[in-house]
Amino acid sequence: MYNSFYGLTASPFQISTDPTFLWLGEKHREAIAMLKYGIQVEDHTGMVLLTGDTGTGKTTLINALFKSLDRSVIRAAIKNPSLDGIDFFNYIAASYGNAKRFSTKTRFLVAFEQFLKNAAAKQKKVLLVIDEAQVLTDELLKEIRLLANFDLNGQSLIRIFLAGQPELRKKLVRPENKAFAQRITLNYHIDPLLPEETREYIQYRLQVAGTSRPIFSSEAVQRVHRYSSGVPRQINILCDHALLTGYVGNHTQISSQIIDECAGELSISRVPDTNKARCHRRPSSTMETPGKIPGAIPESGPDQTSDSGQSVNVGRTVDPGQTSHVDRPSGHGQTSGHGRASDPAALLSEKPQPPGLFKTKASDRI
């Protein structure tokens, strides 16, 4: 409705997970680099954990990762894992293109192992991503861990990534899930955006939508950050509402007063300044607050020195607050300045024109 009024060719603040509007700040560059490392490195055998509060961009990153992978990776995403027993296994099978329904766990495991071996024989990798993993029961976590046991000549036949909200970490730290936690060798927590990142995020999405004009005043951007707490989904909701309000009121620039008005209409409370320090706080090295997985098994590899001067190991579970060049695939995670977003296409694609979402060929199905 407001696009032509502001000179836009698309709606810049839709809450759908559209990779076209993917903005890669420092946090998201590190997260996508970790995900690509987990699938690209041949001898990586552990599971990968990605967490973040609701609306911080986990699913968007997964969609972008899928779009960037070529046909050598057979992948599937489980977006609603709140199932039990054989229903969960059938969901996995269907996600890989299998139309047959399995009546028992045994039948599924036999067929799934053969599917993995067939993929390996064709020099293909199999990736399973489980989104919203915080809803998984302890029993399903055990079953997922056992799926990771499939190997051939010591090489894992499946890569498993888990994405979920922070309560997933609290679940994994419980004694009954210790064996699962020890399988996680790469993990990252996406923190909310800092004030400067919020400004860059808003401007980037406006540019993708067709304008470089500063539609939001500096004061308005500050208000957006305060009300949204730096959470991208909340930024989108508030900015979209503000553009609509500005259009109705014939305002060519969004002021802080318009943001206040929209926040009131959306029943969003303003975050007090005392919380600003929380946005800059580094994650601690415990599971309950984002950081290292207790008891995680590091992979072998030469020690390197991180950008912060700390020693880390290739493939090691590192503090997500660290920035280390050895945790990134070659050519990824490069920046032109602190906190600035790099070109998403350059960071995500191995080729100039990455293929679209992969559909499992009939010969690759379970």
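Presented here is an overview of the structure given in this document. All residue numbers here refer to positions counted from 1 along the written sequence of the relevant chain. Reporting of local features is limited, given that this is a predicted model, to residues whose pLDDT is at least 70; pairs of side-chain atoms are given and counted only at 80 or more, and all residues count toward the totals for whole chains, interfaces and linings. Hydrogen atoms and water are omitted, and side-chain values are computed over all heavy atoms in the structure.

With respect to the pattern of salt bridges
Should the charged atoms of two oppositely charged side chains come close, the side chains can pair.
Now for step 1: A carboxyl oxygen of Asp or Glu within 4 Å of a side-chain nitrogen of Lys or Arg is what we treat as a salt bridge. This structure, assessed with the given rule, holds 9 salt bridges.
Now for step 2: Across the pair Arg223 and Asp260 runs a salt bridge whose closest N-O atoms are separated by 3.0 Å. Residue Arg223 is found in helix 9 (residues 218-228), and its partner Asp260 is found in helix 11 (residues 256-265); the two are separated by 37 residues along the sequence. By definition, any uninterrupted DSSP run of H or I lasting at least four residues is a helix, any uninterrupted run of E lasting at least two residues is a strand, and each is numbered from the N terminus.

Side note on the packing of helix 10 (residues 232-248) against helix 11
Now for step 1: Lines fitted to the C-alpha atoms define the axes, with helices restricted to the stretch that makes contact. Angles between their N-to-C directions range from 0 to 180 degrees. Taken N-terminus to C-terminus, the directions of helix 10 and helix 11 make an angle of 115°; their axes are 9 Å apart at the nearest point. One element, helix 10, and the other, helix 11, form an angle in the roughly perpendicular class. When the axes of helix 10 and helix 11 are compared, the crossing they make is right-handed. For the pair helix 10 and helix 11, contact is made by Leu238, His241, Ala242, Thr245 and Gly246 and by Ile258, Ile259, Glu261, Cys262, Ala263 and Glu265, respectively.
Now for step 2: Asp, Glu, Lys and Arg are counted as charged, while Ala, Val, Leu, Ile, Met, Phe, Trp, Tyr, Cys and Pro are counted as nonpolar; the rest, among them Gly, fall into the polar class. Along the lines of polarity and charge, the residues of the contact of helix 10 with helix 11 split into 6 nonpolar, 3 polar and 2 charged. Convention used here: angles under 35 degrees read as roughly parallel, angles over 145 as roughly antiparallel, angles from 65 to 115 as roughly perpendicular, and any remaining angle as oblique. For any pair of crossing helices, the crossing counts as left-handed if the nearer helix is rotated counterclockwise from the farther one by less than a right angle, and right-handed if it is rotated clockwise. Every residue pair with non-hydrogen atoms within 4.5 Å of one another is taken to be in contact.

Things to note about the packing of helix 9 against helix 10
To characterise two packed helices, one gives the angle between the axes of the helices and the distance between these axes.
Now for step 1: Two elements in contact, helix 9 and helix 10, have axes whose closest approach is 9 Å; the angle formed by their N-to-C orientations is 130°. Judged by the inter-axis angle, helix 9 sits oblique to helix 10. Crossing geometry of helix 9 relative to helix 10 is assigned as right-handed. Here helix 9 contributes Val224, Tyr227 and Ser228 to the contact with helix 10, which in turn contributes Gln234, Ile235, Leu238 and Cys239.
Now for step 2: Here the residues of the contact of helix 9 with helix 10 are counted per class, giving 5 nonpolar, 2 polar and no charged.

Let's talk about the pairing of strand 6 (residues 159-164)
Now for step 1: With 6 of 6 residues buried, strand 6 lies mostly within the body of the structure.
Now for step 2: Because side chains alternate across strand 6, one face comprises the buried residues Arg159, Phe161 and Ala163, and the other comprises Ile160, Leu162 and Gly164, equally buried.
Now for step 3: Only strands joined by at least two bridges in the DSSP assignment are considered to pair. One ladder, built from 4 bridges, connects strand 1 (residues 47-52) with strand 6; its direction is parallel. When the sheet's bridge partners are listed, Leu50 is paired in strand 6 with Ala163.
Now for step 4: Note that strand 3 (residues 125-130) and strand 6 share 4 bridges and pair parallel. Looking across to strand 6, one finds that Leu127 is bridged to Arg159. For the exposure calls, accessible area comes from a 1.4 Å probe over protein chains only, and a residue counts as buried if that area is under 20% of its type's maximum, exposed if over 50%, partly exposed in between.

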